[in-house]
Amino acid sequence: MEGHPCVRDPLLELCIAHHVSYKYNDLQTVCARYPKHAQSLFQTYNDMIYVQQWVDVNVVEIAELSRAIVTGRKAADEPMRIVVPCSLSENLSIKWLNDVFQNCSPIPNEIWIGIVGDDSSMVYYKLSKGIVKPPM
């Protein structure tokens, strides 16, 4: 990042370089374990941190699903959310969604599916467990 035209403060450059290298090494290890889902995991993780600017973002491996999920908060005062990265070409089923809910601990009332398009565009869908009455 040093000498990058958008970054002028040397201390900020050091902080950004440290954050990127530290998080990237962790993410790289998880992506290597789940190569089939590596692209969607990498894209979702980076979108949450750098575009959406979520906080407390972490990658959590779920061996029973043979993939990793991403947890984080939209803001520091908001609850932790679970995001399951998926590619646009993946086939999702009700059974698969149930497995996602059952293998998260504690079992959440809602999850977010982060769908990555072929052009790296992202869309997030909120899914609730069971039938939930919409707010009036």
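Here is a short report on the structure shown in this document. All values reported here derive from a predicted model rather than from experimental measurement.

## Description of the pattern of salt bridges
Here comes step 1: Applying the stated criterion across every chain, the model contains 6 salt bridges.
Here comes step 2: A salt bridge links Arg73 to Asp56; the nearest nitrogen and oxygen atoms lie 3.0 Å apart. In this pair, Arg73 sits in strand E2 (residues 67-73) while Asp56 sits in strand E1 (residues 55-62), placing the two residues 17 residues apart along the sequence.
Here comes step 3: On the basis of relative accessibility, which here comes to 22%, the residue Arg73 falls in the partly exposed class.
Here comes step 4: Glu90 is the partner of Arg67 in a salt bridge, and the nearest nitrogen-oxygen pair spans 3.1 Å. Here Glu90 lies in the loop between strand E3 (81-87) and helix H3 (94-103) and Arg67 lies in strand E2, a separation of 23 residues in the sequence.

## Points about helix H2 (residues 38-51)
Here comes step 1: Here H2 contains 14 residues, and its C-alpha end-to-end distance of 19 Å stays within 8% of the 20 Å for a straight helix at 1.5 Å per residue.
Here comes step 2: Looking at H2, one finds that the buried residues are Ala38, Ser40, Leu41, Thr44, Tyr45, Asn46, Asp47, Met48 and Ile49.
Here comes step 3: Positive phi shows up at Gln53, right after H2, with a value of about 60°.

## With respect to the sheet that holds E3
Sheet strands line up and pair through hydrogen bonds in the backbone, either parallel or antiparallel.
Here comes step 1: Taken in spatial order, the 5 strands line up as E1-E2-E3-E4-E5 in an open sheet, and their pairing is mixed. Edge positions in the sheet fall to E1 and strand E5 (122-128), since each of these pairs with one other strand and no more. Across the sheet, the mean angle from the axis of one strand to that of its neighbour is 30°, orientation sign disregarded.
Here comes step 2: Seen against the sheet, H3 touches E1, E2, E3, strand E4 (110-116) and E5 and runs at an angle of roughly 125° to E4.

## A word on the environment of Ile82
Here comes step 1: Looking at the secondary structure, you find Ile82 in strand E3.
Here comes step 2: Along the chain, Ile82 and Glu110 lie 28 residues apart, while their C-alpha atoms are 7.9 Å from each other.
Here comes step 3: Each residue touching Ile82, except ones within four places of it in the same chain, is listed here: Ile69, Val70, Thr71, Cys104, Pro108, Ile111 and Trp112.

## Some words on the pairing of E5
Here comes step 1: Bridge analysis of E4 against E5 gives 7 bridges, and the strand direction is antiparallel. The residue of E5 that forms the bridge with Ile115 is Val123.
Here comes step 2: Two successive antiparallel strands, E4 and E5, enclose a turn made up of 5 residues, where Ser120 displays a positive phi of approximately 75°.

Reading guide: rules and limits
Residues numbered from 1 in each chain as written. Predicted model: local features only at pLDDT ≥ 70, side-chain atom pairs only at ≥ 80, totals over all residues. Heavy atoms only, no water. Salt bridge = Lys/Arg side-chain N within 4 Å of Asp/Glu carboxyl O. Helix = DSSP H or I, 4+ residues; strand = E, 2+ residues; numbered from the N terminus. Buried < 20%, exposed > 50% of the residue type's maximum accessible area, 1.4 Å probe, protein only. Expected span 1.5 Å × (residues − 1). Pairing = 2+ DSSP bridges. Axes fitted to C-alpha atoms, helices over the stretch in contact; angles between N-to-C directions. Contact = heavy atoms within 4.5 Å.

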